[in-house]
Amino acid sequence: MRGFRTVSRYFRDALHGVFRNFSLSLASILCITITLLVVAVSLILSSNVEHFSDSIRKDVTVVVFLKNDTTSEEVEKIKSELISIENIERSSIEFKSKTDSAQELKEGNDIFSATVDTWTDDTNPLLDSYMFKVKDIEKIDDTVKQVKELSLAKDKINNINYGEDIVHQLIIVFNTVEKVCVAAVIALILVTSFLIANTIKLAIYSRKREIEIMRLVGASNMSIKIPFVLEGLFIGILGSIVPILVTVFGYGSLFDFFNGKLFGSSLAMLVEPMPFVYEISSILIVIGIVVGMIGSYFAVRKHLKI
Amino acid sequence: MELIRVSDVQKTYKTGTVALYDFNLSIKKGEFVFVIGASGSGKSTLIKMLYREEKPDKGSIIIGGINVAKLKNRKVYVLRRKLGVVFQDFKLLPKLTVYENVAFAMEVLGYDKRDIYKRVMEVLSLVGLKNKVRQFPDQLSGGEQQRVVIARAIVNKPKLLICDEPTGNLDPDTSMEIMKVLDEINAMGTTVIMATHDRDIVDKMKKRVILLDSGRLAKDIEKGSYCNERF
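Quick caveat, the model's predicted, so the values are computed rather than measured.

Draft legend 1. Focus on the sheet that holds strand 4 (residues 157-161) of chain A. Residues and elements named next belong to chain A. Pairing within the open sheet is antiparallel, and its four strands lie in the order 2-3-1-4. Each having just a single partner strand, strand 2 (94-96) and strand 4 make up the two edges of the open sheet. The sheet shows a mean angle of 20° between the axes of neighbouring strands, direction not considered. The pairing of strand 1 (residues 61-66) with strand 4 spans four bridges and is antiparallel. Paired with Val-63 across the strands is Asn-161, a residue of strand 4. Across the sheet, helix 3 (residues 72-83) is in contact with strand 1, strand 2 and strand 3 (129-133); its angle to strand 3 comes to roughly 15°.

What follows is the structure, encoded as C-alpha cells:
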C-alpha cells in the first residue's frame, strides 16, 4: 500500500513539475518537437534514397547469349544449371528465343521492322538468350564467372552482357550514398540528443534550489531523481507527438500526391507508408523518451552534491 | 545524554585555508548553544559539517549515532531527517505558498496528506503564521519568512535544529521575536545550535556560548555572554 502510494506520488510530482514550471517544460517540449521533426525528415529522406538505390540495384539484368547450335533440351538443362547458382534470383530467370527478340525489335522500331521481316529462322542474326537478376549485386562478377564455368553452359554460351562498367560505378556510388545517409542520420540524432539534453539541463538548473531544499529536508537521492526522470519521460512523449503526426499524415499524403513514385518513373518508387511511418514514429518516440529521461537523470544528479 | 560529539576534527579548504584545527566539542540533548567568532574563525565550517554540507579531512563527528564524517553522499538523507536547518538567506521556494513550503518537507518523506495538513497547521501556529498560510514568500516580511523557514525545519520533529545566522538579515526587534520562537522550540526538547554575530541576542539569552578563534575552540562558557570577549 505504501509502495503504491509512493509510486503514485512520483507520477503526481512529475506531472506537477511539468505544469508548475510550464514555460520551462514548454521550452524543452518545443526543443524536442523541432529537433525530432528534422530527424523525421532526414530519416524519411535517407530511407527513400536507400529504397531507390535498392530498386535500381535489383533491376540490373544479366543477359546470357547462347550459341546458335544449342538444342531445345540443352536450353532446358541450362536453366536447371542456372537455378543451382545461389546468387541468381530464381523467379527472374527468363528465356527469350531469337524469334521473340526479333519480334520485339520489329515492334519497337519502324525502320527495323522492314528489315526484320526479311529474316527467316535461319537468317535471323539474333541469338537465344537467358536473362536473370541477382540477389546481391556486389557478387555479380563472381556469379557471372560461375555461369561461364557451368559444365554444359560453358560450351554453349556465346557471351554474357550485364553492362559491367556501369554496374561497377553504380555499386560504388550507391555504397557511398548509403554511408553518407547513415552517417548524416546518426550525426543528426547525436546533435538532437545533445540539444535536448542541454535544454533539459538548463530547465533543471533553474530548479536547483528546489533540489537543494529537497536534499536539506531529508529526501533520498532516489526520491528526488525519480520525479525528474518521469518528468523527462512526459516531456519526451509530449515532444514527439507533433513529429509523429507529421510523419504519419504528412508522409501518407505525400505518397498519395506523388502516386508512389517520383518523376513518374517506376525506378524512383517511394517507400510504402505502411508500416514505414510507424517504424519512423517508434524511432522518434524512443529518441524523445530516452533522451528526455537520461538528460533529466544527469541534470539532476549534478545538483545532488550539497 | 550526549547528542553531538566532535573529535579531533580538521578541515583545510582547497585554497589552503585551515578552517578548523584539532577541534573537539560535545553537546548534550536539549541544550541551546551559541557558536560565535569573527568572520573566518571557522564557525560556518563547523555548522556546515553538522548537516554534512562539508566533510572533515580528519576526525569524527557523531550525531545521534551517525558518523557524519564517513556518511556517503547517497546516505546523507538519513542524517538530514534527524535535524532541521535554518539559513540566513531563508531558502524558501518562491512559487510555493507558506503552507506548501512547509508541507514540502513532509511530502518528500512521503507522509499522508491528512497528517501533513494537521502537522503543518500545528507548526505554523507555533511560529505565529497561522493567518498567512496562503501567502507567497515575497508577500512576507523578513521576520515572517524566517519563521516559515523555522516551521519547515521543525515540521518533521527533528532532535536537532541547526541555525546559521538566522537573524543576520533582520532588525533587532524582529530578531528577538525569532529568538523567542527558537527558545520555545528548545523548551519542547529540541537541541538548538545557532551561529551568530549578534551581541545583544547572546547577552540576553544567557545560554552556553562557544567561541571560535582561527579554527580552534577558544572558550566554552555556560550561560556566557558576548561582552567579556574581545575580537
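Draft legend 2. Quick look at the layout of surface pockets. Its boundaries defined by the atoms lining it, the largest pocket holds a volume of some 920 Å³. Around the largest pocket, the lining comprises 37 residues; the ones closest to its centre are A:Asp13, A:His16, A:Arg20, B:Phe104 and B:Glu107. Among the secondary structure elements, those contributing two or more residues to the lining of the largest pocket are helix 1 (2-20), helix 9 (208-216) and helix 10 (221-257) of chain A together with helix 3 (98-107) and helix 4 (113-126) of chain B. Considering each element in turn, the lining of the largest pocket owes the most residues, ten residues, to helix 1 of chain A. Taken together, the residues that form the lining of the largest pocket break down as 15 nonpolar, seven polar and 15 charged.

Draft legend 3. Looking closely at the environment of A:Val62. All names here are of chain A. Counting through the fold element by element, Val-62 comes out in strand 1. Considering only alpha carbons, one finds Val-62 and Lys-133, 71 residues apart in sequence, at a separation of 6.2 Å. Setting aside residues up to four positions removed in sequence, Val-62 forms contacts with Tyr-130, Met-131, Phe-132, Ile-140, Val-144, Ile-160, Asn-161 and Tyr-162.

Draft legend 4. Here's a closer look at the pattern of salt bridges. Residue and element names in this part refer to chain B. Taken as a whole, this structure holds 20 salt bridges over all chains when the rule is applied. Put simply, Lys-43 and Glu-165 hold a salt bridge, and the shortest N to O gap is 3.7 Å. Taken together, the positions of Lys-43 in helix 1 (residues 43-50) and Glu-165 in the loop between strand 7 (160-164) and helix 6 (172-187) put the pair 122 residues apart, joining distant regions of the chain. In this structure Lys-43 comes out as buried when scored by relative accessible area, which is 5%. With a shortest N-O distance of 2.9 Å, Glu-122 and Arg-119 are connected by a salt bridge.

Draft legend 5. Helix 3 of chain B, seen in detail. Counting buried positions along helix 3 of chain B yields seven of ten residues, so the element is predominantly enclosed. Of all the residues in helix 3 of chain B, the buried ones are B:Val98, B:Asn101, B:Val102, B:Ala103, B:Phe104, B:Ala105 and B:Met106.

Draft legend 6. Focus on the sheet that holds strand 9 (residues 208-213) of chain B. Residue and element names in this part refer to chain B. The strand order across the open sheet formed by six strands is 6-7-8-3-9-10, and the pairing between neighbours is mixed. The outermost strands of the open sheet, each flanked by one partner alone, are strand 6 (83-87) and strand 10 (216-221). Strand after strand, the sheet turns through a mean of 15° between neighbouring axes, direction not considered. Relative to strand 8 (residues 191-195), strand 3 (residues 32-36) is paired through four bridges, and the arrangement is parallel. The residue bridging Val-33 from the neighbouring strand is Ile-193, located in strand 8. In the packing of helix 1 onto the sheet, contacts are made with strand 3, strand 6, strand 7, strand 8 and strand 9, and the angle to strand 7 comes to roughly 145°.

Draft legend 7. Quick look at the domain arrangement of chain B. Residue and element names in this part refer to chain B. The domain architecture assigned to chain B consists of domain 1 (1-82 + 159-231) and domain 2 (92-157). For domain 1 versus domain 2, the separation of C-alpha centres amounts to 24 Å. With 13 residues of domain 1 at the contact, the number on the domain 2 side is eleven residues. Between domain 1 and domain 2 lies a buried interface of about 980 Å² when both sides are counted; carbon and sulfur atoms form 75% of it. By the criterion of area lost to domain 2, the three top residues of domain 1 are Arg-81, Ile-178 and Val-181, representing 38% of everything that side buries. Where domain 1 touches domain 2, the interface holds one salt bridge.

Draft legend 8. Highlighting the packing of helix 10 of chain A against helix 11 (residues 273-302) of chain A. Residue and element names in this part refer to chain A. Following both chains from N to C, one finds helix 10 and helix 11 inclined at 155°, their axes separated by 7 Å at the closest point. By the angle class used here, helix 10 and helix 11 are roughly antiparallel. Helix-helix and strand crossings are classified by hand; for helix 10 and helix 11 the assignment is right-handed.

Draft legend 9. Up close: the nonpolar core. With 91 residues, the main nonpolar core has B:Phe34, B:Leu124, B:Leu161 and B:Leu182 as its most contacted residues. Of the residues forming this core, the biggest block, ten residues, is contributed by helix 10 of chain A. Discounting residues that sit within four places of it in the chain, B:Leu182 has contacts with B:Phe32, B:Ile150, B:Leu161, B:Cys163, B:Pro166, B:Val192 and B:Met194. Counting 32 residues, the second-largest nonpolar core is a separate cluster that includes B:Leu3, B:Val33, B:Leu46 and B:Ile61.

Reading the values: the criteria
Residues numbered from 1 in each chain as written. Chains lettered and ligands numbered in written order. Predicted model: local features only at pLDDT ≥ 70, side-chain atom pairs only at ≥ 80, totals over all residues. Heavy atoms only, no water. Pairing = 2+ DSSP bridges. Helix = DSSP H or I, 4+ residues; strand = E, 2+ residues; numbered from the N terminus. Axes fitted to C-alpha atoms, helices over the stretch in contact; angles between N-to-C directions. Contact = heavy atoms within 4.5 Å. 1 Å grid on protein atoms, 1.4 Å probe; cavity = no way out; pocket = protein on both sides within 12 Å on 5 of 7 lines; lining within 4 Å. Points joined across faces, edges and corners; volume = space filled by probe spheres on them. Nonpolar A, V, L, I, M, F, W, Y, C, P; charged D, E, K, R; others polar. Salt bridge = Lys/Arg side-chain N within 4 Å of Asp/Glu carboxyl O. Buried < 20%, exposed > 50% of the residue type's maximum accessible area, 1.4 Å probe, protein only. Domains from an automatic or database assignment. Buried area = accessible area lost by both parts, 1.4 Å probe. Parallel < 35°, antiparallel > 145°, perpendicular 65-115°, else oblique. Left-handed = near helix turned anticlockwise from the far one by under 90°. Core = buried A, V, L, I, M, F, W, Y, C linked by side-chain atoms within 4.5 Å.

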